[in-house]
Amino acid sequence: QQFDASGLFEFSDFRIKHRGATIRVITGVVALPTEALTRYNPDSGAIDLLLSDNSYAMLCDGNPRGKYTVAHELGHAVLHTDALIRLAELDVSSRAAFHRGKADHPASFDTEWQANAFGGALLMPAVGISHLESKLDEKLSVRHIAERFMTSHESATYRLGVYQGHKKELI
């Protein structure tokens, strides 16, 4: 099954479990300088998953980029809840300083890398890729994955590489 990013984004009572508590995720469309933003809102006690007008239009139009943006931001909400809560407690200048410079750690420790991996796995699950591969009369390709899961060729290329490199662990 394809992940329904639009349905998730429009769902009005979406919640995630975190440390034994339930945190509401509130979606919205706002003017942003970036495609999207996920943040913890201490006033509401919720996580805001926000899309720019352009990203929301892409989501509504079925553009793979809009779908991927929602999956990526959901990755931040699910994987980085503690970090989002800690960031919300910082003043604006401390938040800006937090994002400066290059981190000295492996790529897989990077929150953007993790959100990308989460988004790819959500949109193109390994079990679904395996099922697709078993039905093909030819070698599995980026085109097959992009068409089946309605994703971009860029995200399908990355996901195919992960799938082929770690198939035994993923299935």
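Given the structure is predicted, the values throughout are model-derived calculations rather than measurements. (Residues numbered from 1 in each chain as written. Predicted model: local features only at pLDDT ≥ 70, side-chain atom pairs only at ≥ 80, totals over all residues. Heavy atoms only, no water.)

Details of the sheet that holds strand β4 (residues 46-51)
Short version of the rule: Paired strands, as defined in this entry, are two strands with at least two bridges between them according to DSSP. Segments assigned H or I by DSSP are reported as helices when at least four residues long, segments assigned E as strands when at least two residues long, and all are numbered from the N terminus. Axis angles are defined between N-to-C directions and span 0 to 180 degrees, where every axis is a line fitted to C-alpha atoms and, for a helix, only to the segment in contact. Residue contacts follow a heavy-atom distance rule, with two residues in contact if any of their heavy atoms lie within 4.5 Å.
Spatial ordering of the open sheet is given by β1-β2-β4-β3, a layout of four strands whose pairing is mixed. Each end of this open sheet is capped by a strand with a single partner; those strands are β1 (14-18) and β3 (36-41). The sheet shows a mean angle of 25° between the axes of neighbouring strands, direction not considered. Here β1 runs beside strand β2 (residues 21-29); their pairing, made up of five bridges, is antiparallel. The residue of β2 that forms the bridge with F14 is V25. Along the sheet, helix α3 (residues 64-79) contacts β1, β3 and β4; its crossing angle with β3, the most-contacted strand, is approximately 25°. Lying on the sheet, helix α4 (residues 81-88) is in contact with β1, β2, β3 and β4; it crosses β3 at an angle near 75°.

Concerning the layout of surface pockets
Space left empty within the atom packing is revealed by a probe, the size of a water molecule, rolled over the atoms. The condition is simple: Any residue with an atom within 4 Å of a point lines the site, the site being either a cavity, points on a 1 Å grid over the protein atoms alone where a 1.4 Å probe fits but cannot get out, or a pocket, an open set with protein on both sides within 12 Å along at least 5 of 7 lines. Grid points are joined across faces, edges and corners, and a volume is the space filled by probe spheres set on the points. Ten residues, namely Ala, Val, Leu, Ile, Met, Phe, Trp, Tyr, Cys and Pro, are considered nonpolar, four, namely Asp, Glu, Lys and Arg, are considered charged, and the remaining ones, Gly among them, are considered polar.
The volume enclosed by the second largest pocket comes to roughly 190 Å³. Along the walls of the second largest pocket sit N63, P64, R65, Y68, N116, G120, M124, S152, E154, S155 and Y158, which together make up its complete lining. Those elements that provide at least two residues to the lining of the second largest pocket are α3, α6 (111-123) and α9 (153-170). Grouping the constituent residues of the lining of the second largest pocket by class yields four nonpolar, five polar and two charged.

A look at a nonpolar patch on the surface
The following threshold applies: Within this analysis, patches are made of residues with over 30% relative accessible area and no salt bridge. Like charges are joined at 9 Å or less; nonpolar side chains (Val, Leu, Ile, Met, Phe, Trp, Tyr) at 5 Å or less. All accessibility values rest on the Shrake-Rupley procedure with a 1.4 Å probe; residue burial counts only the protein chains present in the view. Here, a salt bridge means any Lys or Arg side-chain nitrogen found within 4 Å of an Asp or Glu carboxyl oxygen. Exposure is judged per residue with a 1.4 Å probe applied to protein chains only, and the accessible area is read against the type maximum: over 50% gives exposed, under 20% gives buried, and values in between give partly exposed.
Among the surface-exposed residues, V127, L170 and I171 lie close enough to one another that they form a single nonpolar patch of about 270 Å² accessible area. With respect to the secondary-structure elements, V127 resides in helix α7 (residues 126-135). According to the relative accessible area criterion, V127 is exposed, its value standing at 59%.

Digging into the packing of aromatic side chains
Rule in force here: Pairing of aromatic rings covers Phe, Tyr and Trp, the last counted by its six-membered ring, and requires centre-to-centre distances within 6.5 Å; plane angles under 30 degrees mean stacked, over 60 mean edge-to-face, and any other angle means tilted. Placement of a charge over a ring requires the Lys NZ or Arg CZ to be within 6 Å of the ring centre, with the centre-to-atom vector within 35 degrees of the ring normal.
By the definition in use, this model includes one aromatic pair. When the centroid spacing of 5.7 Å and the interplanar angle of 45° are considered together, the rings of F9 and Y56 count as tilted. Note that F9 is positioned in helix α1 (residues 5-10) and Y56 in helix α2 (residues 53-60), a separation of 47 residues in sequence. The class for Y56 is partly exposed, based on a relative accessible area of 24%. Here the guanidinium or amino end of R148 rests over the ring plane of F149, the centre of that ring lying 5.1 Å away.

A few points about the pattern of salt bridges
Counted according to the given criterion, the structure contains seven salt bridges. The partner of D13 in a salt bridge is R15, with the nearest N and O atoms 2.8 Å apart. Residue R143 pairs with E147 through a salt bridge whose shortest N-O separation is 3.5 Å. In this pair, R143 and E147 are both assigned in helix α8 (residues 142-149), four residues apart and thus about one turn of the helix distant. Through salt bridges that share partners, E138, R143 and E147 make up one connected network.

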